[in-house]
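Reading the structure
Each chain, written out:
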Amino acid sequence: MPAIQVNHLCKTFTQKEGCVEALQDISLQIEAGDIYGIIGMSGAGKSTLVRCLNYLERPTEGEVIIDGRNLAELSERELRAQRSGIAMIFQHFNLLMQKNVLDNVCFPMLIQGTKKNAARARALELLRTVGLEEKAKAYPAQLSGGQKQRVAIARALASDPKILLCDEATSALDPQTTASILDLLLEINRKFGITMVVITHQMSVIREICSHVAILEHGCLVEQGEVEEIFNHPKSKVARDLILKDRPEGSWEGDATWEGESRQRPLLSADKKLRIVFSENSAFEPVIANMVLKFGVPVNILRADTKNVGGVAKGEMILGLPPEAGLQQEMERYLTEKGLEIEEVTDDVDE
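All of the points below concern the structure found in this document. Just so it is clear, the structure is predicted and the values come from calculations on it, not from any experiment.

**Describing the overall build of the protein**
Secondary structure summary: the protein contains 11 helices and 15 strands in total. Within the protein, contacts between residues separated by at least 24 positions form 69% of all contacts whose residues are at least 6 apart in sequence. Here the protein has roughly 17000 Å² of accessible surface; of this, 48% comes from carbon and sulfur atoms.

See the structure below:
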């Protein structure tokens with residue numbers, strides 16, 4: 001039985017200017033123990049969707065089923081009990097500034113009726129889990145952004161949730177701190193088996209820790225599946241855009257689009273470009289160098305990068321091929337035979 005099942009979910013907001021369809025016919029399934037990513041640009045409907053998963057927002061239509069229970073069929077008391085197994089962490093941490101770290105983690109346990117001594121003991125245990133036991137008496141204002149998020153994670157774990165919803169949990173953090181928080185979430189997932197839903201606009205976050213991903217655009221689900229498959233073979237324009245823009249700051253210049261999509265200048269035959277993804281097997285052979293030797297014609301390496309996709313290093317490169325159509329076809333065939341994933345792209349990178 002999936003931990004979370006969403007069936008034909010819609011959410012409409014009524015405003016003075018009219019109705020806004022924030023979510024349109026969303027269906028997805030999240031297995032127990034999975035780390036599932038939901039990604040899209042600003043305004044795609046990600047945060048609305050995550051709030052519907054615990055019924056902080058009631059869907060206009062459709063079903064949200066958690067551990068086999070349809071949330072729409074629960075009484076308010078039953079819904080509160082169901083929510084106790086669903087924790088959330090946020091972009092801006094939402095810590096109580098007037099309470100120290102230990103008291104912040106104790107707070108949800110005390111509300112649930114846990115004895116103070118038991119709550120403090122459990123809080124210290126959770127602070128050890130997130131690596132902040134020595135900060136128990138510190139106040140949020142004395143902590144870095146990464147430390148605040150670790151406290152927020154410890155507090156979320158205090159209710160022993162089965163599901164953890166992460167709404168842009170790393171968006172306010174620098175890359176190094178983001179990496180450490182993602183490592184912590186992975187460790188928690190493996191240690192406690194908690195199902196995680198990661199809401200983000202950053203493909204790098206999805207690549208690092210998620211096994212499956214759903215891609216939203218303007219409230220619609222445009223693509224979903226295994227992260228590795230979508231990274232290798234993106235089908236939607238928004239997925240392709242997110243992948244091409246997923247790079248360290250300053251590593252690639254210019255914006256890229258897949259072939260057949262709008263651009264300002266026409267694609268010349270000499271500009272034909274391929275995005276290739278190196279598999280584990282093909283990465284051991286100097287495929288590009290061997291191709292140049294085989295055909296006796298140079299190619300331009302316009303971009304190159306290595307990315308972590310679900311814990312596996314994936315090489316990614318964009319090549320500029322020679323202008324002759326026949327030679328382009330032979331090179332494409334050669335690359336395919338060598339086990340490389342190929343997608344044709346266009347971009348405006350200066351060569």
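Past the structure itself, the notes keep going.
**Some remarks on the environment of Ala 121**
Position of Ala 121 relative to the elements: it lies in helix α4 (residues 116-129). Judged by relative accessible area, Ala 121 falls into the partly exposed class, the value being 45%. Separated by 15 residues in the primary sequence, Ala 121 and Cys 106 have C-alpha atoms spaced 9.0 Å apart.

**Looking at empty space enclosed by the protein**
For the structure on display, the rule yields one cavity of 30 Å³ or more. Quantified by volume, the largest cavity comes out at close to 50 Å³. Around the largest cavity, the lining residues are Cys 166, Glu 168, Ala 169, Thr 170, Leu 182, Leu 185, Val 198, Ile 199, Thr 200 and Val 205. For the lining of the largest cavity, the secondary structure elements donating two or more residues are α6 (175-192) and β8 (195-200).

**Regarding the environment of Val 198**
Mapped onto the elements, Val 198 comes out in strand β8. In the structure, Val 198 is positioned 152 residues away from Lys 46 in sequence and 9.8 Å away in space, judged by C-alpha atoms. Residue contacts for Val 198: discarding those within four places in its chain leaves Ile 35, Tyr 36, Gly 37, Ile 38, Cys 166, Val 205, Ile 206, Ile 209 and Cys 210.

**Details of the packing of aromatic side chains**
Scanning all chains against the criterion turns up zero aromatic pairs. The positively charged end of Lys 11 is found above the aromatic ring belonging to Phe 13, 5.1 Å away from the centroid. One Lys or Arg, Arg 275, reaches over the ring of Phe 231 and ends 4.9 Å from the middle of that ring.

**Things to note about the packing of helix α3 (residues 101-111) against α4**
Between α3 and α4, whose axes approach to 9 Å, the crossing angle comes to 125 degrees. By the criterion of interaxial angle, the relationship of α3 to α4 is oblique. Considering only the axes of α3 and α4, their crossing is right-handed. Contact with α3, carried on its side by Val 101, Leu 102, Asp 103, Val 105, Cys 106, Met 109 and Leu 110, involves Lys 116, Ala 119, Arg 120, Arg 122, Ala 123, Leu 124, Leu 126 and Leu 127 of α4 and no other residues of that element. Its residues placed into classes, the contact of α3 with α4 shows 11 nonpolar, no polar and four charged.

**A few points about the packing of helix α10 (residues 287-295) against helix α11 (residues 325-337)**
When two helices pack together, their arrangement is given by the angle between the helix axes and by the axis-to-axis distance. At a minimum axis separation of 11 Å, α10 and α11 run at an interaxial angle of 140 degrees. On the basis of the axis angle, α10 is oblique to α11. Between α10 and α11 lies a crossing of right-handed hand. When α10 is examined against α11, the residues Val 287, Ile 288, Asn 290, Met 291, Lys 294 and Phe 295 are found in contact with a partner set consisting of Leu 327, Glu 330, Met 331, Tyr 334 and Leu 335.

**Quick notes on the nonpolar core**
In a soluble, globular protein the nonpolar side chains are often hidden away together inside. If you look at the biggest cluster of nonpolar residues, it comprises 56 residues, and the most contacted ones within it are Ile 89, Leu 127, Ile 153, Leu 164, Leu 185, Ile 209 and Ile 215. Beyond its immediate chain neighbours, meaning those up to four positions away, Ile 209 contacts Ile 35, Leu 182, Leu 185, Leu 186 and Val 198. Counting 29 residues, the second largest nonpolar core, distinct from the first, contains Tyr 36, Tyr 55, Ile 199 and Ala 214.

**Remarks on the pairing of strand β2 (residues 18-30)**
Both strand β1 (residues 4-15) and β2 contribute to a ladder of nine bridges, which runs antiparallel. When the sheet's bridge partners are listed, Ile 4 is paired in β2 with Ile 30.

**Some thoughts on unusual backbone geometry**
In this structure, Asn 94 takes a positive phi of about 55 degrees despite not being glycine. As for its position among the elements, Asn 94 is in the loop between β6 (86-90) and α3. Asn 94 sits in the partly exposed class, given a relative accessible area of 43%. Backbone geometry places Glu 168, a non-glycine residue, at a positive phi of 50 degrees. Checked against the element boundaries, Glu 168 lands in the loop between β7 (163-167) and α6.

**Some thoughts on the pattern of salt bridges**
With the rule as written, the count across this model stands at nine salt bridges. A salt bridge links Arg 120 to Asp 103; the nearest nitrogen and oxygen atoms lie 4.0 Å apart. Of this pair, Arg 120 sits in helix α4 while Asp 103 sits in helix α3, placing them 17 residues apart in sequence. By relative accessible area, Asp 103 is classed as partly exposed at 29%. With its nearest N and O atoms 2.7 Å apart, the salt bridge here joins Asp 241 to Lys 237. One end of the pair, Asp 241, and the other, Lys 237, are both in helix α9 (residues 237-244), four residues apart, so they sit about a helical turn from each other. Residue classification places Asp 241 among the buried residues on the basis of a relative accessible area of 11%. Judged by its relative accessible area of 42%, Lys 237 is partly exposed. Three or more residues are tied together by salt bridges with common partners; here these are Lys 11, Arg 51 and Glu 57.

Analysis parameters
- Residues numbered from 1 in each chain as written.
- Predicted model: local features only at pLDDT ≥ 70, side-chain atom pairs only at ≥ 80, totals over all residues.
- Heavy atoms only, no water.
- Helix = DSSP H or I, 4+ residues; strand = E, 2+ residues; numbered from the N terminus.
- Contact = heavy atoms within 4.5 Å.
- Areas by Shrake-Rupley, 256 points an atom, 1.4 Å probe, with all protein chains shown as cover.
- Buried < 20%, exposed > 50% of the residue type's maximum accessible area, 1.4 Å probe, protein only.
- 1 Å grid on protein atoms, 1.4 Å probe; cavity = no way out; pocket = protein on both sides within 12 Å on 5 of 7 lines; lining within 4 Å.
- Points joined across faces, edges and corners; volume = space filled by probe spheres on them.
- Phe/Tyr/Trp six-rings, centres within 6.5 Å; stacked < 30°, edge-to-face > 60°.
- Lys NZ or Arg CZ within 6 Å of the ring centre and 35° of its normal.
- Axes fitted to C-alpha atoms, helices over the stretch in contact; angles between N-to-C directions.
- Parallel < 35°, antiparallel > 145°, perpendicular 65-115°, else oblique.
- Left-handed = near helix turned anticlockwise from the far one by under 90°.
- Nonpolar A, V, L, I, M, F, W, Y, C, P; charged D, E, K, R; others polar.
- Core = buried A, V, L, I, M, F, W, Y, C linked by side-chain atoms within 4.5 Å.
- Pairing = 2+ DSSP bridges.
- Salt bridge = Lys/Arg side-chain N within 4 Å of Asp/Glu carboxyl O.

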